[in-house]
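For reference, the chains in residue letters:
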Amino acid sequence: PHGTAHHGAGPGHGTGPDHGTGAVVVVAAALLDRGRLLAARRSAPADLAGRWELPGGKVEPGERPEDALVRELREELGVEAEPGERIPGEWPLKPGYVLRVWSARLLSGDPLPLEDHDELRWLAPGELDAVDWLDQDRPAVAEAARRLFGA
Ligand code: 9L3
Ligand code: MG
(Lines give C-alpha, C1' and ligand atoms only; values in the text may rest on other atoms or scores of the structure.)
(Ligands and ions follow the chains in the order given, each with its own letter.)
Protein backbone atom coordinates (compact mmCIF):
# COMPACT_ATOMS: atom_id res chain seq x y z
CA PRO A 1 0.00 0.00 0.00
CA HIS A 2 2.99 2.37 0.32
CA GLY A 3 4.35 2.36 -3.20
CA THR A 4 6.68 0.05 -5.02
CA ALA A 5 9.23 -2.08 -3.23
CA HIS A 6 12.84 -1.47 -4.20
CA HIS A 7 14.74 -4.09 -6.08
CA GLY A 8 17.68 -5.46 -4.18
CA ALA A 9 16.45 -4.02 -0.91
CA GLY A 10 17.89 -7.04 0.84
CA PRO A 11 16.59 -9.47 3.44
CA GLY A 12 13.26 -8.61 4.89
CA HIS A 13 12.17 -6.59 1.88
CA GLY A 14 11.86 -9.31 -0.73
CA THR A 15 9.42 -8.98 -3.58
CA GLY A 16 8.57 -12.60 -4.24
CA PRO A 17 11.80 -13.88 -5.75
CA ASP A 18 14.70 -12.66 -3.67
CA HIS A 19 16.79 -10.50 -5.96
CA GLY A 20 19.97 -11.34 -4.14
CA THR A 21 19.89 -15.10 -4.61
CA GLY A 22 17.03 -15.68 -7.04
CA ALA A 23 15.35 -17.96 -4.52
CA VAL A 24 11.63 -17.76 -3.83
CA VAL A 25 11.03 -16.70 -0.25
CA VAL A 26 8.65 -18.81 1.83
CA VAL A 27 7.54 -17.00 4.98
CA ALA A 28 6.42 -18.83 8.09
CA ALA A 29 5.07 -17.70 11.43
CA ALA A 30 6.23 -18.46 14.91
CA LEU A 31 2.65 -17.70 15.98
CA LEU A 32 2.32 -17.11 19.69
CA ASP A 33 -0.68 -16.97 21.97
CA ARG A 34 -0.60 -17.14 25.76
CA GLY A 35 3.01 -18.24 25.74
CA ARG A 36 2.47 -21.13 23.36
CA LEU A 37 3.68 -21.71 19.79
CA LEU A 38 1.41 -23.02 17.04
CA ALA A 39 2.52 -26.13 15.13
CA ALA A 40 0.61 -27.27 12.05
CA ARG A 41 0.65 -30.76 10.50
CA ARG A 42 0.83 -30.74 6.70
CA SER A 43 -1.70 -32.74 4.71
CA ALA A 44 0.03 -32.16 1.34
CA PRO A 45 2.09 -32.74 -0.72
CA ALA A 46 2.52 -36.47 -0.08
CA ASP A 47 6.23 -36.27 0.77
CA LEU A 48 5.59 -33.65 3.48
CA ALA A 49 2.22 -34.93 4.74
CA GLY A 50 2.20 -35.87 8.41
CA ARG A 51 5.16 -33.67 9.28
CA TRP A 52 4.77 -30.50 11.32
CA GLU A 53 5.68 -26.96 10.31
CA LEU A 54 5.39 -23.32 11.16
CA PRO A 55 2.43 -22.21 9.02
CA GLY A 56 3.03 -19.95 6.03
CA GLY A 57 3.71 -20.01 2.32
CA LYS A 58 5.27 -18.36 -0.69
CA VAL A 59 5.63 -14.61 -0.99
CA GLU A 60 3.91 -13.45 -4.18
CA PRO A 61 5.66 -11.13 -6.64
CA GLY A 62 5.49 -7.56 -5.36
CA GLU A 63 4.21 -8.64 -1.96
CA ARG A 64 5.95 -7.66 1.26
CA PRO A 65 6.92 -10.67 3.37
CA GLU A 66 4.96 -9.47 6.39
CA ASP A 67 1.87 -9.03 4.20
CA ALA A 68 2.36 -12.53 2.80
CA LEU A 69 2.53 -13.86 6.35
CA VAL A 70 -0.74 -12.19 7.35
CA ARG A 71 -2.41 -13.44 4.14
CA GLU A 72 -1.19 -17.02 4.61
CA LEU A 73 -2.36 -17.19 8.23
CA ARG A 74 -5.76 -15.84 7.17
CA GLU A 75 -6.06 -18.37 4.32
CA GLU A 76 -4.65 -21.43 6.07
CA LEU A 77 -5.93 -20.91 9.61
CA GLY A 78 -8.71 -18.31 9.42
CA VAL A 79 -7.06 -16.01 11.95
CA GLU A 80 -5.86 -12.43 12.10
CA ALA A 81 -2.28 -12.06 13.28
CA GLU A 82 0.23 -9.27 13.71
CA PRO A 83 3.80 -9.89 12.51
CA GLY A 84 6.54 -9.04 14.99
CA GLU A 85 10.29 -9.48 14.70
CA ARG A 86 12.08 -11.42 11.99
CA ILE A 87 13.84 -14.47 13.42
CA PRO A 88 17.44 -14.12 12.21
CA GLY A 89 18.46 -16.71 9.69
CA GLU A 90 17.36 -18.29 6.46
CA TRP A 91 16.81 -22.00 5.94
CA PRO A 92 17.01 -23.86 2.61
CA LEU A 93 13.92 -25.70 1.37
CA LYS A 94 13.64 -27.55 -1.93
CA PRO A 95 15.96 -26.11 -4.63
CA GLY A 96 15.12 -22.49 -5.39
CA TYR A 97 13.18 -21.87 -2.15
CA VAL A 98 14.27 -20.48 1.19
CA LEU A 99 12.44 -20.22 4.49
CA ARG A 100 12.32 -17.03 6.56
CA VAL A 101 10.47 -16.78 9.85
CA TRP A 102 8.73 -13.95 11.67
CA SER A 103 7.24 -14.02 15.11
CA ALA A 104 3.54 -13.22 15.07
CA ARG A 105 0.89 -12.56 17.68
CA LEU A 106 -2.63 -13.95 17.43
CA LEU A 107 -5.05 -11.03 17.29
CA SER A 108 -8.37 -12.77 16.69
CA GLY A 109 -9.89 -16.07 15.74
CA ASP A 110 -9.24 -19.65 16.73
CA PRO A 111 -6.90 -21.34 14.26
CA LEU A 112 -8.51 -24.09 12.19
CA PRO A 113 -6.77 -26.36 9.65
CA LEU A 114 -8.61 -24.84 6.68
CA GLU A 115 -5.98 -25.42 3.99
CA ASP A 116 -2.89 -27.67 3.67
CA HIS A 117 -3.06 -28.89 7.29
CA ASP A 118 -5.02 -31.60 9.08
CA GLU A 119 -4.07 -30.94 12.70
CA LEU A 120 -2.91 -28.03 14.83
CA ARG A 121 -1.23 -27.97 18.25
CA TRP A 122 -0.33 -25.18 20.64
CA LEU A 123 3.01 -26.13 22.16
CA ALA A 124 4.29 -24.88 25.50
CA PRO A 125 8.02 -24.05 25.60
CA GLY A 126 8.81 -27.48 27.07
CA GLU A 127 6.84 -29.32 24.38
CA LEU A 128 8.63 -28.16 21.26
CA ASP A 129 10.11 -31.61 20.63
CA ALA A 130 6.70 -33.29 20.92
CA VAL A 131 5.93 -33.10 17.20
CA ASP A 132 7.78 -34.42 14.16
CA TRP A 133 8.87 -31.15 12.56
CA LEU A 134 9.88 -31.04 8.91
CA ASP A 135 13.67 -31.29 8.73
CA GLN A 136 13.65 -27.82 7.16
CA ASP A 137 11.70 -26.30 10.03
CA ARG A 138 13.63 -27.85 12.90
CA PRO A 139 16.49 -25.30 12.99
CA ALA A 140 14.04 -22.46 12.41
CA VAL A 141 11.91 -23.59 15.36
CA ALA A 142 15.01 -23.90 17.54
CA GLU A 143 16.11 -20.37 16.68
CA ALA A 144 12.60 -18.99 17.21
CA ALA A 145 12.40 -20.72 20.59
CA ARG A 146 15.76 -19.24 21.64
CA ARG A 147 14.56 -15.76 20.70
CA LEU A 148 10.99 -15.97 21.96
CA PHE A 149 11.20 -18.32 24.94
CA GLY A 150 14.85 -17.92 25.85
CA ALA A 151 15.06 -21.71 25.42
N1 9L3 B 1 7.67 -25.12 3.66
C2 9L3 B 1 8.47 -25.58 4.67
N3 9L3 B 1 8.30 -25.14 5.91
C4 9L3 B 1 7.33 -24.22 6.20
C5 9L3 B 1 6.49 -23.73 5.15
C6 9L3 B 1 5.40 -22.74 5.43
C7 9L3 B 1 6.72 -24.21 3.88
N8 9L3 B 1 7.19 -23.79 7.47
C9 9L3 B 1 7.89 -25.62 2.29
C10 9L3 B 1 6.82 -26.58 1.84
C11 9L3 B 1 6.71 -26.32 0.38
C12 9L3 B 1 7.14 -24.86 0.19
O13 9L3 B 1 7.85 -24.53 1.38
O14 9L3 B 1 7.65 -27.14 -0.31
C15 9L3 B 1 5.99 -23.91 -0.05
O16 9L3 B 1 5.14 -23.93 1.06
P17 9L3 B 1 3.52 -23.89 0.90
O18 9L3 B 1 3.20 -22.71 0.04
O19 9L3 B 1 3.12 -25.20 0.27
O20 9L3 B 1 3.01 -23.75 2.31
MG1 MG C 1 1.43 -23.04 3.34
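Summarised in this report is the structure supplied together with it. (Residues numbered from 1 in each chain as written. Chains lettered and ligands numbered in written order. Predicted model: local features only at pLDDT ≥ 70, side-chain atom pairs only at ≥ 80, totals over all residues. Heavy atoms only, no water.)

1. Regarding the coordination of the magnesium ion (ligand 2)
Thinking step 1. Within the protein, the magnesium ion (ligand 2) binds to Gly56 (O) and Glu76 (OE); these donor distances fall in the range 2.0 to 2.1 Å. Within this pair, whereas Gly56 is found in strand S4 (residues 56-58), its partner Glu76 is found in helix H1 (residues 65-77), the two being separated by 20 residues in sequence. For the pair shown, Gly56 and Glu76 are each scored as buried. (Donors = N, O, S within 2.8 Å, 3.2 Å for Na, K, Ca; no water. Helix = DSSP H or I, 4+ residues; strand = E, 2+ residues; numbered from the N terminus. Buried < 20%, exposed > 50% of the residue type's maximum accessible area, 1.4 Å probe, protein only.)

2. Some thoughts on the layout of surface pockets
Thinking step 1. Empty space within the largest pocket amounts to approximately 450 Å³.
Thinking step 2. As for the largest pocket, its lining consists of 24 residues, and the residues nearest its centre are Val26, Arg42, Leu48, Lys58 and Lys94.
Thinking step 3. Looking at the lining of the largest pocket, the elements that each hand over two or more residues are strand S1 (24-33), S4, H1 and strand S6 (97-108).
Thinking step 4. Within the lining of the largest pocket, the residues separate by chemical class into 11 nonpolar, three polar and 10 charged. (1 Å grid on protein atoms, 1.4 Å probe; cavity = no way out; pocket = protein on both sides within 12 Å on 5 of 7 lines; lining within 4 Å. Points joined across faces, edges and corners; volume = space filled by probe spheres on them. Nonpolar A, V, L, I, M, F, W, Y, C, P; charged D, E, K, R; others polar.)

3. Considerations on the pattern of salt bridges
Thinking step 1. What the rule picks out here adds up to 17 salt bridges.
Thinking step 2. The partner of Arg71 in a salt bridge is Glu72, with the nearest N and O atoms 3.0 Å apart. Both residues of the pair, Arg71 and Glu72, belong to the buried class.
Thinking step 3. For Glu75, the salt bridge goes to Arg71, with nearest N and O atoms at 3.4 Å. Here the residue Glu75 and the residue Arg71 both occupy positions in helix H1, the gap between them amounting to four residues, near one helical turn.
Thinking step 4. For Glu75, a relative accessible area of 34% corresponds to the partly exposed category.
Thinking step 5. Judged by its relative accessible area of 14%, Arg71 falls in the buried class.
Thinking step 6. Each member of the salt-bridge network shares a partner with another, and the members are Glu60, Glu63, Arg71, Glu72 and Glu75. (Salt bridge = Lys/Arg side-chain N within 4 Å of Asp/Glu carboxyl O.)

4. Re H1
Thinking step 1. Here H1 spans 18 Å end to end across 13 residues, near enough to the 18 Å set by a 1.5 Å rise per residue.
Thinking step 2. If you follow the buried residues of H1, they end up packed against S1, strand S2 (36-42), S4, strand S5 (80-92), S6 and strand S7 (117-123).
Thinking step 3. Following H1 by one or two positions, Gly78 has its phi on the positive side, about 70°. (Expected span 1.5 Å × (residues − 1). Contact = heavy atoms within 4.5 Å.)

5. With respect to the packing of aromatic side chains
Thinking step 1. If you walk through the whole model with that rule in mind, you get zero aromatic pairs.
Thinking step 2. Sitting above the plane of the Trp102 ring, Arg86 keeps its charged end 5.4 Å from the centroid.
Thinking step 3. The ring of Tyr97 is capped by Lys94, whose NZ or CZ atom sits 4.6 Å from the centre of that ring. (Phe/Tyr/Trp six-rings, centres within 6.5 Å; stacked < 30°, edge-to-face > 60°. Lys NZ or Arg CZ within 6 Å of the ring centre and 35° of its normal.)

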